[in-house]
Amino acid sequence: MTHDMSIVSLIMQASIVVQAIMALLLILSIVSWAFIFQRNSALKYAEAEFRHFEDEFWSGADLNVLYNEYSQEGNTSGCSLIFCSGFKEYVRLQKVAGNAPEAVMDGTYRAMRVAMSREIDDLEQRLPFLATVGSISPYIGLLGTVWGIMTAFIALGQVKQATLQMVAPGIAEALIATAIGLFAAIPAVVGYNRFSAQVEKIENAYGNFMEEFSAILHRQAIASRG
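About the criteria used
- Throughout this document, residue positions are counted from 1 along each chain, in the order its sequence is written.
- Owing to the predicted nature of the model, reporting of local features is limited to residues with pLDDT of at least 70; listing and counting of side-chain atom pairs is limited to 80 or more, with chain, interface and lining totals taken over all residues.
- Calculation of side-chain values draws on the structure's entire complement of heavy atoms; hydrogens and water are dropped beforehand.
- By definition, any uninterrupted DSSP run of H or I lasting at least four residues is a helix, any uninterrupted run of E lasting at least two residues is a strand, and each is numbered from the N terminus.
- Relative accessibility decides the category of a residue: with a 1.4 Å probe and only protein chains considered, values under 20% of the type maximum give buried, values over 50% give exposed, and everything between is partly exposed.
- Contacts were defined at the residue level, with two residues in contact if any of their heavy atoms lie within 4.5 Å.
- We call Phe, Tyr and Trp rings a pair once their centres come within 6.5 Å, taking the six-membered ring for Trp, and we label the pair stacked below 30 degrees between planes, edge-to-face above 60, and tilted otherwise.
- Exposure above 30% relative accessible area and the absence of a salt bridge qualify a residue for a patch, where like charges join within 9 Å and nonpolar side chains (Val, Leu, Ile, Met, Phe, Trp, Tyr) within 5 Å.
- Areas reported as accessible are Shrake-Rupley estimates using a 1.4 Å probe. Residue values count occlusion only from the protein chains shown.
- What makes a salt bridge here is a side-chain nitrogen of Lys or Arg within 4 Å of a carboxyl oxygen of Asp or Glu, nothing more.
- As used throughout, the charge tally considers Lys and Arg to be positive and Asp and Glu to be negative, leaving His and the chain termini uncounted.
- Here the site of a charge means NZ on Lys, CZ on Arg, CG on Asp, or CD on Glu.
- For this analysis, a nonpolar core means a set of buried residues of the types Ala, Val, Leu, Ile, Met, Phe, Trp, Tyr and Cys, connected via side-chain atoms within 4.5 Å.

Engineer: Residues and numbers for the overall build of the protein, please.
Structural biologist: A tally of helices and strands in the protein yields seven helices and zero strands. Secondary structure of the protein in N-to-C order comes out as α-α-α-α-α-α-α. Residue burial in the protein is summarised as follows: out of 226 residues, 39% are buried. Long-range pairs, those at least 24 residues apart, make up 80% of the contacts in the protein with a sequence separation of at least 6.

See the structure below:
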């Protein structure tokens, strides 16, 4: 008796449970790749937006003009959103607490902190899913392998003489589940680690901008009080 040892044939000959596990892993892999491409594009856009806004901010443009420019666009994001949130709160507090620069700066910094937190939350979207896929996919694949091997040995127990030709197909089709699990896990882990590092880098850049912008506003607050 001969057995077709091609990958497709082994998958088609696998038990229903193993096939279901393979299908689940394949779906997780496809979704992971979709999220990887989507996050890669979003983070590249965030980095480009930050560089563009930073160049414009440090070019010496008037803060009121810069705020009016970005606030009228209505689609601010990233560093420009942090700037608009902080400057808007600064102007508002200057009208009600202009004689208390520290109170003005506390409120301004909180407004920027909230805006930054929301932006970081947006940048971290899909990352927990990638981390989950990277951690559980090998175990799901291993479950399929264990089930397939168990099924193969149960079948072997029903024959009088077991040969390698009888054992090999069952073992091979079971190991495919582990291979698919690793295929799903490795890109997800790599993507998660890479994107986490990018998000941390962007968060540090936002934090540095907040500190520098706060220092500028603090000097203006003191000057206006004087």
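The structure having been displayed, the exposition proceeds.
Engineer: So what's going on with the packing of aromatic side chains? Which residues, and what values?
Structural biologist: Summed over the entire model, instances satisfying the criterion amount to 16 aromatic pairs. Ring centres of phenylalanine 53 and phenylalanine 83 lie 5.4 Å apart, and the angle between their planes is 50°; on these two criteria the pair is classed as tilted. Remark: phenylalanine 83 occurs in helix H4 (residues 79–97) and phenylalanine 53 occurs in helix H2 (residues 16–57); sequence separation between them is 30 residues. With respect to burial, phenylalanine 53 and phenylalanine 83 carry one shared label: buried.

Engineer: Any details on a negative patch on the surface? Residues and values, ideally.
Structural biologist: On the surface, a cluster of negative charge is made up of Asp121, Asp122, Glu124, Glu200 and Glu203. In this fold, glutamate 200 is placed in helix H7 (residues 164–225).

Engineer: Describe the nonpolar core, listing the residues and the values that go with them.
Structural biologist: Formed by 49 residues in total, the largest nonpolar core has its most connected members in Phe53, Phe57, Leu63, Phe83, Tyr206, Phe209 and Phe213. Elements represented by at least two residues in this core include exactly H2, helix H3 (63–73), H4, helix H5 (101–123), helix H6 (127–156) and H7. Here the element with the most residues in this core is H7; it accounts for 15 residues. With residues up to four places along the chain from it excluded, the contact list for phenylalanine 53 reads Leu66, Tyr70, Cys79, Ser80, Phe83 and Phe209.

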